[in-house]
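Okay, here's what each chain looks like letter by letter:
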Amino acid sequence: MIFITGGVRSGKSAFAEKYARRLGENKLLYYVATGVSFDDEMKKRIVRHQWDRQNQNATWNTVEMQVQIPLTIQQLSKDAVVLFECVTTWLSNVLFNYEAECKNSEYINNCIESLQKQLLAWHQQGATIVVVSNEVLDELPSRYNEVNLYRKLLGELHQWIVQHSDEAYEVQYQLVQQWK
């Protein structure tokens, strides 16, 4: 498992896609897209990411998800490379669903545990997993409890992913720093 983080528009997605393609030569490439086109800015970002992938010398099997991992990719082989883009958007989806639908206090933890189990399952199945996330933890604490909860959960999830990763990278200004 490989973790790649960085600021917004830092070049992390381009680095992750290039790295996954290199790891995925002669393998199946899966792109797990967590973005939801809820406004014009997000629609443009999704279209840009789709265009980027279409113009690469690779064939991506794109799987869209908001919260739950689709059944179609729960079982993978050692011939698979999964690019999970991205943890921050996925966690936003989880919190949005929590606020909008259920308000069940265990919902958030169950979703996080489910993602963790799936990442470990793919790893045990022999698949290569590249997990992308945004670095938003350098900001000052917010006056909004929801923002602080998001940052707390994201920080804990980042730590868990790095602990279980073989490699960890941070990208800033298209410069890549390997931390693990």
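Above this text you will find the structure in question.
Parameters at a glance
Residues numbered from 1 in each chain as written. Predicted model: local features only at pLDDT ≥ 70, side-chain atom pairs only at ≥ 80, totals over all residues. Heavy atoms only, no water. Helix = DSSP H or I, 4+ residues; strand = E, 2+ residues; numbered from the N terminus. Buried < 20%, exposed > 50% of the residue type's maximum accessible area, 1.4 Å probe, protein only. Salt bridge = Lys/Arg side-chain N within 4 Å of Asp/Glu carboxyl O. Pairing = 2+ DSSP bridges. Axes fitted to C-alpha atoms, helices over the stretch in contact; angles between N-to-C directions. Contact = heavy atoms within 4.5 Å. Expected span 1.5 Å × (residues − 1). Core = buried A, V, L, I, M, F, W, Y, C linked by side-chain atoms within 4.5 Å.

Asks: Any chance you could explain unusual backbone geometry here in plain terms?
Replies: With omega at -5 degrees, the peptide bond leading from E85 into C86 counts as cis. If you trace the backbone, C86 turns up in the loop between β4 (80–85) and α3 (87–102). Of note, the phi angle at R9 is positive, near 60 degrees, even though the residue is not glycine. Tracing the sequence through the fold places R9 in the loop between β1 (2–6) and α1 (12–23). With a relative accessible area of 54%, R9 lands in the exposed category.

Asks: How do you make sense of the pattern of salt bridges when you look at a structure like this?
Replies: It is possible for side chains of opposite charge to pair when their charged atoms get near one another. Applying the stated criterion to the full structure yields one salt bridge. Salt-bridge contacts for E156 lead to K152; the nearest nitrogen and oxygen are separated by 3.1 Å. Here E156 and its partner K152 are both found in helix α5 (residues 145–164), four residues apart, which amounts to about one turn of the helix. Overall, K152 belongs to the partly exposed group, its relative accessible area being 47%.

Asks: Help me understand the sheet that holds strand β2 (residues 28–33) in this model?
Replies: Backbone hydrogen bonds are what pair the strands of a sheet, in a parallel or an antiparallel way. What the seven strands build is an open sheet, ordered β3-β2-β4-β5-β1-β6-β7; its pairing is mixed. The outermost strands of the open sheet, each flanked by one partner alone, are β3 (60–64) and β7 (175–178). Across the sheet, the mean angle from the axis of one strand to that of its neighbour is 20 degrees, orientation sign disregarded. Across the sheet, α1 touches β1, β2, β3, β4, β5 (128–134), β6 (167–172) and β7, and the angle it forms with β5 is around 180 degrees. Docked against the sheet, helix α4 (residues 107–124) engages β2, β4 and β5, running at close to 145 degrees with respect to β5.

Asks: Please clarify how α1 should be interpreted in this entry.
Replies: At 3.6 residues per turn, the α-helix brings residues three or four places apart onto the same side. With 12 residues, α1 extends 16 Å between its outermost C-alpha atoms, agreeing within 8% with the 16 Å of an ideal straight helix rising 1.5 Å per residue. Every buried residue of α1 is listed here: K12, S13, F15, A16, E17, Y19 and A20.

Asks: Help me understand the nonpolar core, please; the structure alone is not making it clear to me.
Replies: One recurring pattern in soluble globular proteins is that nonpolar side chains are buried together. Core analysis: the biggest nonpolar cluster contains 36 residues, and F84, W90, L91, L119, W122 and V131 have the highest contact counts within it. Elements that contribute at least two residues to this core include exactly β2, β4, α3, α4, β5 and α5. If one sorts the elements of this core by residue count, α4 sits on top with seven residues. Ignoring sequence-local partners within four residues, the contact set of L91 consists of I112, Y150, L153 and L154. Grouped together as the second largest cluster of nonpolar side chains are 17 residues, I2, A20, A33 and W60 included.

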